[in-house]
Amino acid sequence: GQQLNQSPQSMFIQEGEDVSMNCTSSSIFNTWLWYKQDPGEGPVLLIALYKAGELTSNGRLTAQFGITRKDSFLNISASIPSDVGIYFCAGHRAPADGLTFGKGTHLIIQP
Amino acid sequence: DTAVSQTPKYLVTQMGNDKSIKCEQNLGHDTMYWYKQDSKKFLKIMFSYNNKELIINETVPNRFSPKSPDKAHLNLHINSLELGDSAVYFCASSQVRDRVSSGANVLTFGAGSRLTVL
């Protein structure tokens, strides 16, 4: 089946630092999405990307759809305590496919 | 109003029992999904239904049986529960569109149902 390789698995950072995480796939994806999951909750959409090369921002978050359509990255600038959580990349090749998820990046902010 | 609601949030039961998780969405979406999240937080699709029709059925034991009485509801029934079924089960919904457009094919998730099998 399709697999997404997401890295890093976890990040320990100081408040105020910038964060970068990425996802790669052996297959072409036509949609890339980034979700965040807080403890005890379901994943919540952060950014959706639909075109190769697309760069989209949502506040302090910026994500890009790789030009080869096999990768995507998410950057968070000036991290704050509420950024703590698990970030997932996800994608699908066709609209009728369910989303395939990466294994997540655990973001931990040290005081 | 919760967009995707699933019940119960917590379920603790003995091996061998049968249990159900219910899901409802009020977003008017035509497609609903069940995902399983294991202890390592990996999210894996189990099923999807489009307008009450089964579209995706991943390699899931046939002890798991989804039922969609209408496009706003997708329930999951699990027979003969096993220890390995312990996980968090997420319901989600989306509006499937062939054309790429803002908001297309984005899944909205429920808060999850944590199943513990003893």
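Quick note: structure is the one above.
These lines cover the structure that appears in this document, whether it is placed above or below. (Residues numbered from 1 in each chain as written. Chains lettered and ligands numbered in written order. Predicted model: local features only at pLDDT ≥ 70, side-chain atom pairs only at ≥ 80, totals over all residues. Heavy atoms only, no water.)

Observations regarding the sheet that holds strand β6 (residues 55-58) of chain A
Residues and elements named next belong to chain A.
Thought 1: Strands sit in the order β1-β3-β8-β7-β6 across an open sheet of five strands; the sheet is antiparallel. Each edge of the sheet is formed by a strand with only one pairing partner; in this case those strands are β1 (4-7) and β6. The average angle at which neighbouring strand axes cross in this sheet is 15°, direction not considered.
Thought 2: Inspection of the sheet shows strand β7 (residues 61-65) paired to strand β8 (residues 71-76) by five bridges, in the antiparallel sense. Bridged to F65 within β8 is S72. (Pairing = 2+ DSSP bridges. Helix = DSSP H or I, 4+ residues; strand = E, 2+ residues; numbered from the N terminus. Axes fitted to C-alpha atoms, helices over the stretch in contact; angles between N-to-C directions.)

Re the packing of aromatic side chains
Thought 1: By the definition in use, this model includes ten aromatic pairs over all chains.
Thought 2: An angle of 50° between the planes, with centres 5.7 Å apart, marks the rings of Y35 of chain A and F101 of chain A as tilted. Here Y35 of chain A is found in strand β4 (residues 31-37), whereas its partner F101 of chain A is found in strand β10 (residues 100-101), with 66 residues between them in sequence. Each member of the pair, Y35 of chain A together with F101 of chain A, is buried.
Thought 3: An angle of 85° between the planes, with centres 6.3 Å apart, marks the rings of F90 of chain B and F109 of chain B as edge-to-face. Separated by 19 residues along the polypeptide, F90 of chain B in strand β9 (residues 87-94) and F109 of chain B in strand β10 (residues 108-109) bring together distant segments of the chain.
Thought 4: Counting every residue linked through ring pairs, the aromatic cluster contains Y35, F88 and F101 of chain A together with Y33, Y35, F90 and F109 of chain B.
Thought 5: For the cation-ring pair, K103 of chain A lies above F42 of chain B, with the distance from its terminal atom to the ring centre recorded as 5.7 Å. (Phe/Tyr/Trp six-rings, centres within 6.5 Å; stacked < 30°, edge-to-face > 60°. Buried < 20%, exposed > 50% of the residue type's maximum accessible area, 1.4 Å probe, protein only. Lys NZ or Arg CZ within 6 Å of the ring centre and 35° of its normal.)

Comments concerning the sheet that holds strand β8 (residues 73-78) of chain B
Residues and elements named next belong to chain B.
Thought 1: The four strands are arranged β1-β3-β8-β7 in an open sheet whose pairing can be described as antiparallel. The open sheet is flanked by β1 (4-7) and β7 (64-70), the only strands paired with a single partner. Adjacent strand axes in the sheet meet at a mean angle of 15° when their direction is disregarded.
Thought 2: Sheet topology places β1 next to strand β3 (residues 19-25); four bridges connect them, and they run antiparallel. Bridge pairing in β3 links T7 to K22.

What about the interface of chain A and chain B?
Thought 1: Opposite the 22 residues of chain A that make contact, chain B presents 25 residues.
Thought 2: Among the residues of chain A in contact with chain B, Y50, P95 and F101 of chain A are the three that bury the most area, contributing 32% of the side total.
Thought 3: Counting across the chain A and chain B interface gives four residue pairs in polar contact (both at pLDDT 80 or more).
Thought 4: Elements represented by at least two residues in the side of chain A that touches chain B include exactly β4, β5 (44-49) and β9 (85-92) of chain A.
Thought 5: For the side of chain A that touches chain B, a count of residues per class yields twelve nonpolar, seven polar and three charged. (Contact = heavy atoms within 4.5 Å. Buried area = accessible area lost by both parts, 1.4 Å probe. Polar contact = N/O pair within 3.5 Å; in protein donor to acceptor, adjacent residues only side chain to side chain. Nonpolar A, V, L, I, M, F, W, Y, C, P; charged D, E, K, R; others polar.)

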